[in-house]
Amino acid sequence: MVRVRLRNPDRVEQVEGPLDVGELLDRLDVNPTTVLVICDGNLVTASHDLPADAEVEIRPVISGGADGPSCAVCRAPAVIEEPRHRAAWCPVHYVDHVQNQVRKAIDHPQATPARERMFGYADRLLVAVSGGKDSLALWDILLDLGYRVDGLYIGLGIGGYSRRSQEICEAFAQQRGAHLHVVDLAETYGFSTVTGSQVATNRSTCGVCGLSKRYVFNQVAVERGYDVVVTGHNLDDEAATLLGNLLRWHEDFLARQRPVLPATGANQVRKCKPLYRLSEREMAAYCVIRGIDYVVEECPLVDGNTGHEHKEILSALERAAPGAKAQFLFGFLDRHERFTEAEGADDGPTVVACGRCGMPTVGEVCAFCRQRERILAVLPVTAGAAPAPPSPATDRNVAP
Ligand code: AMP
Ligand code: ZN
Ligand code: ZN
């Protein structure tokens, strides 16, 4: 019997062997374009034969497809296919493919005036790492490309999920001899995503979490002298956000949705998304090929998040027409000035310093300080959390 481990939810199935991977997926009724198949630590394609006693893992990812058994560059057996590029690659050339896409995003980002570079080799970069595949792969790629890049992990207080994520980020930093900042939301600001969202009734859990993360990314970067914050948002994330913004006609969000967000005032650093040309499936495959350990489980609080539904809809379109997702996003970015013109977003609202914390805001007090004050008014103040202007003083560095 072939022993098959399926993930999300975790379960084990036994299937009569021998058979090839394509037949196996067929019998389990799994769409081959939404998974990676891993056998003995290696990625395998649909034509790979499995002996009767094989052990395989089927790992879900979103998007993608299958054909072409040999590497587009060297003709060696391919381990991953990408219908969008009508190509397949061996492990070595797959890593090149991913790095080339990141190179292109950094050097010629769309929707950026004159396609000015995201950043250069002199810049100090801070990559926000969640422990997931995208951000750890991004850190790995930026280190390999020779950039000056440190990591930032934010402990959001989501139980065992947060603990495992932090351990994985620390292990990666140690292995690569890279520098990681760890900021615990509860220790530093007095509330976590879980406790905060219980009392901040005007925002969803993901809303509290997202606002807090964006604030901490910027604050840590400003206080520690980084020039740019980079995040692991990928093609699927950006396409799903675009669909959501279009469905609700959020024109102001559309005007701000691009791979480079320039700093518009003091105490603000530039934000960049160097993975916007790569899908979730491509990033998961990159991690497996490079041996990067990442958190496969989803955030337990993510249920009901509409971003996920939008991703599924786009993946169904991608299955019918490979490349649809990239066309959707890249086509929008190529026409982006239409949305900034409509909004007059180039001059934008005037950004000033928050009266409480000094970080940039368009009002008197920034959204993070307002949220925090509302939460702390209800929550008992946690030991160690200063009620006055917050600062990530509890940063525990994992130095090489
Ligand atoms: P998400 O908002 O979970 O889709 O994550 C988008 C990006 O935000 C990731 O690719 C990371 O770059 C960053 N990120 C998410 N969670 C964390 C975290 N706990 N600490 C640091 N960065 C994070
Ligand atoms: Zn090759
Ligand atoms: Zn503030």
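Please read these numbers as outputs of a predicted model, since none were measured by experiment.

Caption draft 1: Main features of the overall build of the chain. Helix and strand content of the chain: 14 helices and 17 strands. For the chain, the residues scored as buried account for 42% of the 400 residues in total. Across the chain, every contact between residues at least 6 apart in sequence was considered, and the portion connecting residues at least 24 apart equals 68%.

Caption draft 2: A look at the sheet that holds strand S14 (residues 260-261). Taken in spatial order, the six strands of this open sheet run S12-S11-S10-S13-S15-S14, and their pairing is mixed. Looking along the sheet, the strands with just one partner apiece sit at the ends: strand S12 (180-184) and S14. Relative to strand S11 (residues 148-155), strand S10 (residues 124-128) runs parallel, the two sharing five bridges. Across the sheet, arginine 124 pairs through a bridge with arginine 148, a residue of S11.

Caption draft 3: Representation of the confidence of the model for the chain within the structure. Across the chain, the average pLDDT comes to 89, with 89% of residues at 70 or higher. Predicted confidence is poor over residues 62-68, with pLDDT under 50, and the contacts of this stretch with residues over four places away or in other chains come to 34 contacts.

Caption draft 4: Just the site of ligand 1, in detail. Residues in contact with ligand 1 amount to 14 residues; listed here are only the nearest, Ala128, Ser130, Ile154, Thr231 and Gly232. Contributions of two or more residues to the shell around ligand 1 are made by helix H3 (133-144) and S11. Looking at the shell around ligand 1 element by element, the count peaks at three residues for S11. Residues belonging to the shell around ligand 1 are distributed by class as follows: six nonpolar, five polar and three charged.

Caption draft 5: A look at H3. In this model H3 runs 16 Å from its N-terminal to its C-terminal C-alpha over twelve residues, within 8% of the 16 Å that 1.5 Å per residue would give. In terms of burial, H3 is largely enclosed, as ten of its twelve residues are buried. Looking at H3, one finds that the buried residues are Lys133, Asp134, Ser135, Leu136, Ala137, Leu138, Trp139, Asp140, Ile141 and Leu142. Buried-residue contacts for H3 involve helix H2 (91-107), S10, S11, helix H4 (159-176), strand S13 (228-230) and helix H10 (280-290). Taken from the residues just after H3, glycine 146 is the one with a positive phi, measuring 95°.

Caption draft 6: Summary view of H2. The first and last C-alpha atoms of H2 sit 24 Å apart over 17 residues, in line with the 24 Å expected at 1.5 Å per residue. Residues of H2 that are buried make contact with strand S8 (80-82), strand S9 (87-89), H3 and H10.

Caption draft 7: The nonpolar core, seen in detail. Among the nonpolar cores identified, the biggest contains 96 residues, and Leu125, Val127, Leu152 and Val229 are the most heavily contacted of them. Counting residues per element, this core draws most heavily on helix H7 (residues 205-223), at seven residues. The contact partners of leucine 152, leaving out residues within four places of it in the chain, are Leu126, Ala128, Val129, His181, Val183, Phe217 and Val220.

Caption draft 8: Local environment of the sheet that holds strand S2 (residues 11-15). Taking strand neighbours across the sheet as the criterion, the five strands line up as S2-S1-S7-S4-S5 in an open arrangement whose pairing is mixed. If you trace the sheet from one side to the other, it starts and ends with S2 and strand S5 (42-43), each paired once. When strand S4 (residues 35-39) meets strand S7 (residues 55-60), the two strands line up antiparallel, connected through five bridges. Residue pairing for S7: valine 35 is matched across the bridge by proline 60.

Caption draft 9: Spatial organisation of unusual backbone geometry. Here the residue pair glycine 17 and proline 18 is connected by a cis peptide bond, since its omega of -5° sits within 30 degrees of zero. The residue proline 18 is located in the loop between S2 and strand S3 (19-20) in this model. Non-glycine residue arginine 86 carries a positive phi angle of around 45°. Tracing the chain through its elements places arginine 86 in the loop between S8 and S9. Positioned with a positive phi, tryptophan 249 is a non-glycine residue whose angle comes to about 45°.

Caption draft 10: Here's a closer look at the environment of aspartate 134. Looking at the secondary structure, you find aspartate 134 in helix H3. Take aspartate 134: there are 25 C-beta atoms within 10 Å of it, and that puts it in the buried class.

Caption draft 11: Spotlight on the packing of H2 against H10. As a packed pair, H2 and H10 sit with axes 10 Å apart at the nearest point and diverge in direction by 135°. By the criterion of interaxial angle, the relationship of H2 to H10 is oblique. As H2 packs across H10, the resulting crossing turns out to be left-handed. Between H2, through Pro91, Tyr94, Val95 and Val98, and H10, the contact on the second element is made entirely by Glu282, Ala285, Tyr286, Ile289 and Arg290. Its residues assigned to classes, the contact of H2 with H10 comprises seven nonpolar, no polar and two charged.

Caption draft 12: The arrangement of the pairing of S7 in detail. For strand S1 (residues 2-6) and S7, the ladder comprises four bridges, and the chain directions are parallel. When the sheet's bridge partners are listed, arginine 3 is paired in S7 with glutamate 55.

Conventions used here
The written sequence of each chain sets the order in which its residues are numbered from 1. Numbering of ligands from 1 and lettering of chains from A proceed in the order in which they are written. Predicted model: local features are reported for residues with pLDDT of at least 70 only, side-chain atom pairs are reported and counted for 80 or more only, and whole-chain, interface and lining totals are derived from all residues. Here a helix means four or more residues in a row that DSSP labels H or I, a strand means two or more in a row labelled E, and each is numbered from the N terminus. Partly exposed residues are those whose C-beta has more than 12 but fewer than 20 other C-beta atoms within 10 Å; with 20 or more the residue is buried, with 12 or fewer it is exposed, and the C-beta atoms are placed from the backbone. Two residues form a contact once the distance between their C-beta atoms, set from the backbone, is within 7 Å. We treat two strands as partners when DSSP finds at least two bridges between them. A residue's pLDDT is simply how confident the predictor is in it, with values from 0 to 100. Any residue whose C-beta atom, as set from the backbone, lies within 6 Å of a molecule or strand is reported as near that molecule or strand. For this classification, the nonpolar set comprises Ala, Val, Leu, Ile, Met, Phe, Trp, Tyr, Cys and Pro, the charged set comprises Asp, Glu, Lys and Arg, and every other residue, Gly included, is treated as polar. Here the expected length of a helix is defined as 1.5 Å per residue gap, with one fewer gap than residues. Note on definitions: a nonpolar core is a set of buried residues drawn from Ala, Val, Leu, Ile, Met, Phe, Trp, Tyr and Cys, linked by C-beta atoms within 7 Å. Working convention: axes come from line fits to C-alpha atoms, limited for helices to the stretch in contact. Angles between N-to-C directions cover 0 to 180 degrees. Angular relationships are summarised with four words: roughly parallel below 35 degrees, roughly antiparallel beyond 145, roughly perpendicular across 65 to 115, and oblique for the angles in between. Less than a right angle of anticlockwise turn of the near helix away from the far helix marks a crossing as left-handed, whereas a clockwise turn marks it as right-handed.

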